Structures are given as C-alpha cells and as structure tokens.
Amino acid sequence: MAEPIIRFIGVQKAFGPKVIYEDCTLDVYPGETLTIIGGSGTGKSVLLKMLTGLLSTDAGSIQAFGQEVTKLDERGMGPIRRRFGFLFQSGALFDSLTVEQNIKYPLREHNWGTEKEMDARVAEVLDMVGLPGTEALKPAALSGGMRKRVGLARAIAIKPEVILYDEPTTGLDPINVRRINGLILSLQKRLGVTSIVVTHDMDSCFTVTDRIAMLYNKRIAFTGTAEETQRSEIRYVREFIAGGRGTLDEDIV
Amino acid sequence: MTARFTTFLQSFGAVARLSWATLFAFWRSPIDLRPLIHQFDTAGLQSWSITVLTAAFTGMVLALQFSTGLEPYGASMYTGKLAALGIVRELGPMLTALLVGGRVGSGFAAELGSMVVTEQVDAIRALGADPVKKLVAPRVFACIVMLPLLTILADFVGISGAMIITVREVGITPSFFYAQILDTLWVSDLMHGLMKSVAFGYIIGIVGCFIGLNTSGGTEGVGHATTQAVVVGAICLLVSNFFLTKLFLALYG
C-alpha cells in the first residue's frame, strides 16, 4: 500500500474536564474514501478540525502531506489548508455574501487568477453540484440541501487534494442524501481526490466508502473495509451498524 | 475565587493578543476597503441619531441644573462656561461611548457570535483567510475613527442644547453665550475629550469582537455574548475613563 498522506499518531484532546481523545491513531491513504463513524458527541468533527489546525491538540502528532500540523502556526497552516477542502456540517456559508462571492472567497485568498477565470470556475463547480445559475442568490434563499451543495462547491473550488466532509448528509431528505452521496463518489472518481467523511448515517457510509474507521471509547477502535465492517464480530461495531441502520425506525416508534 | 481571577487575567492576556493581531493585520496587508466602509456606516453613521438625541438633552439638563444651582450666588450667567466644559471634557465623549458602545459593541458580539456558532469563523480559517483581518480589524478601526467624529457632533449639539436653555432660563443673549464659550474652551479641552474617545472607540471595538469570537453554546451563547458585551463594555469604558482623565490631567493640566 502507498504511503499514508495523513497520519494521526497518539493524539490526545480534551475540552476542560471532558476528554474526547485519549490515544487516537489513524492513517489515511491517497485516493481512498475513508468514513469515520461513531456516536454523536464522540468528537468526529473534532478530528477534522484538528487535522486542519482549526483546533489544537493536547498531545500526539498529526501529519498531513508529510508535515507536522500540530507544530505549525496560523500562517504556516496556510499552504496546507490550501490542499484541503472542508465541507462544514451546516455548510457554513457566509450569510452576508452571495453564492458567487462565497465560492470566490477561497479563490481570492489563494490568488486563483483573473476575475474572468474565477467566474468560469464558479460556474463550473456550481454545475458539478447541480446548482447552475444560482450565483446571485443569498444563502438565506437556499434550502438546507442546497446550502450544503454550495458549501461543497466552495470546498472544491480551489481543487483540493483532500476533501473533508463533516456530516454531509445529516438533516437532509432522501433525495438530497442520494445526491450528496453521488457527488462524493463522482468527485473521487473524476478528480481522484482523497476523502474523509464523518457521518453517523450508515447507509451513505456503505455507499461511498472504501474503508471505515470507528470511533469508540476515545480512540479509533476499529478500521476495515466496508465488507469487513459488515462482517465484523466485534460487539460495538455490530451494535452501531444495527443501530445506525435502525435510527429511522426508532424515531417513528 | 482564584480560578475566576485567573480567568480574568487570562482574558486580559487574550484581549492584548487580539489587539496585537489586529494591529498586525493592518500593518501586514493592504486594507480591504469594502468591509471597512460598511463598518464606517453601521458603526458610525447609523449612530448619529442616538448621539444627537442624547447630547441635546444632556446639554439642556446640564444648563438647567447649573443655572438653578448658580443662582443663589448671582453667577447663573456663567452657566455656559460650566456646561461647555462638562460636555467637552466628560459627558460628550463618555455618553457617546456608552451609547455607541451599547449599540455597536453588542452588535459586533451578536454578529461574530453567530458566525462562530454556525462555523463561519472556522470556514474563514479553513478557506485560508484570517478572521482577525477579515472581521476584527475593520470593526475596531471603524470604531476608532468614528467615535471621535461622533464625539465632536455630541459636543456641538450638547453645547447648542445648553445654549437654548441658558438663553431661555437665564436671559442672556446667544452672542454673550458664544463669547463665553470661546473664552472658556481651549483646544486642549477639546483634545482631552477627543483623545479619550479614540481610546473608547478601541475599547468598544475590541471588547465586542473579543466576546463575539469567544462565543460558545449555540444560540443561547449568542444571547449571552450580546448581553455580556454591553455590560463588560460599559464597565471597561467607565473604569478606563477615570484613569485616562487622571493621565491627561497629569500631562496637560
């Protein structure tokens, strides 16, 4: 197997008295789609935020593209962040800007090119997420699913090497869930990017993933392919898959 | 108790760091004009009406009190002198700062707080930009520029209010009042007030932004941050006013 492009080694993180990670170790390989599953509040998003330097670690090491992320300051993180695309849980679009300005934001920060080239890129990525012609709209005028797709368009605008998805399908209707899953798959196929997806939606997890890592008991307790995960005999993995699949039924009951 | 004191000192350190970063943001890269103009408008121009209203009535009430208080000594014709000094040195800068601080500081905290809890501030960093440069610097700078201007407006309106009442109550002519003011007020008095208002502008901006950026706990947290910005801002203004006055009196008498 190729060298991992992202490595978490013995990472520890606590918020005040609340310990999130005691000893988190995980490798991510180029070109794969890795899904991180785990219960709510176990700190799945924290993992992505530590990786991009949005949150600091307490101990341990995180390497991305061969560089030690935990030792970099905000300026040093710049070139590394350039290589990541981050889809936030809520989309995190800037309310005061239009869709077009939102997508141009990273383009401008990273000196993409002339205004014309940026316009073309905006149209291109909006087309990819299936929202052509929405440039002039404000985020408030968009539905939740559309906002996530614009968020995704913004995340892929600068052609990142790794895309981080934070709960990409949570709170969306089935049609949008399928659409987002389709996007994740096609982005990986078309652009060959590495993807890390954080989710507790098991169905979409099995649809998009090459490999699954499960967070349990403040560490990555299990990693395996989708098939290995489904066949796994480990109790908490089985329970999570069964529970994750059954959430909808439980809600109705 | 010790823990609270430590937290208090830590916030002081954090505010100092934020101030430094704000200053640095200006020094390092060219200023983005559009957000700055926007802040000049929201923080400054839109505050003119409350400034005028407060200053007019404060000037009038000062004149009422002084004219009645001075009457037993047959000195009520000097009402203008006292009122003008009080307005230009203390009430003009202080009341403007308190009102604008309440209005603008809470607005900053609410706006930045909402951006924090909806991950927009994380998004700014993830997209390779600096939230201090994008959000804090234009706001703080707009306050520092606009507050002295609003204070000049308040001084003018306040003295005019005092004049109307003095002319009516004491029966002196406007030209006598005017001559008195010119005789009493020196440029140093005006500068004394204006230098304070520069400091107040900085305090309003930095406190509002700091509290906003440190919001946690969802919508409830935003509400809390907004209230906190008003209270902490007002306390900082009042305390610093004493020490600034002491300093300027020691320097210029």
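Everything discussed here concerns the structure shown above.
Residues numbered from 1 in each chain as written. Chains lettered and ligands numbered in written order. Predicted model: local features only at pLDDT ≥ 70, side-chain atom pairs only at ≥ 80, totals over all residues.

### Some remarks on the sheet that holds strand 6 (residues 84-87) of chain A
All names here are of chain A.
Then step 1. The sheet built from six strands is open, its strands ordered 6-7-8-3-9-10 with mixed pairing. Here the strands that pair on one side only, and so sit at the sheet edges, are strand 6 and strand 10 (219-225). Sheet twist, expressed as the mean angle between neighbouring strand axes with direction ignored, is 15°.
Then step 2. Along the sheet face, helix 1 (residues 44-51) touches strand 3 (33-37), strand 7 (162-166), strand 8 (194-198) and strand 9 (211-216) and points at about 145° away from the line of strand 8.
Then step 3. Together, strand 3, strand 7 and strand 8 form the strand contacts of helix 6 (residues 174-191), whose direction differs from that of strand 8 by roughly 160°. (Pairing = 2+ DSSP bridges. Helix = DSSP H or I, 4+ residues; strand = E, 2+ residues; numbered from the N terminus. Axes fitted to C-alpha atoms, helices over the stretch in contact; angles between N-to-C directions. Contact = placed C-beta atoms within 7 Å.)

### Topic: the pairing of strand 9 of chain A
Residue and element names in this part refer to chain A.
Then step 1. Of the strand pairs in this sheet, strand 3 and strand 9 are connected by four bridges, and their pairing is parallel. The partner of Ile36 across the bridge, within strand 9, is Ala213.
Then step 2. Pairing between strand 9 and strand 10: six bridges, direction antiparallel. Within strand 10, the residue paired with Leu215 across the bridge is Ile220.

### Observations concerning unusual backbone geometry
Then step 1. One non-glycine residue, Asn111 of chain A, lies in positive phi territory at about 50°.
Then step 2. Topologically, Asn111 of chain A is positioned in the loop between helix 3 (99-109) and helix 4 (115-128).
Then step 3. According to the C-beta neighbour criterion, Asn111 of chain A is exposed, with 6 such atoms within 10 Å.
Then step 4. You will see that Glu119 of chain B, though not glycine, has its phi angle at about 65°, which is positive.
Then step 5. Within the secondary structure, Glu119 of chain B is located in the loop between helix 4 (79-117) and helix 5 (120-126). (Buried ≥ 20, exposed ≤ 12 C-beta atoms within 10 Å, placed from the backbone.)

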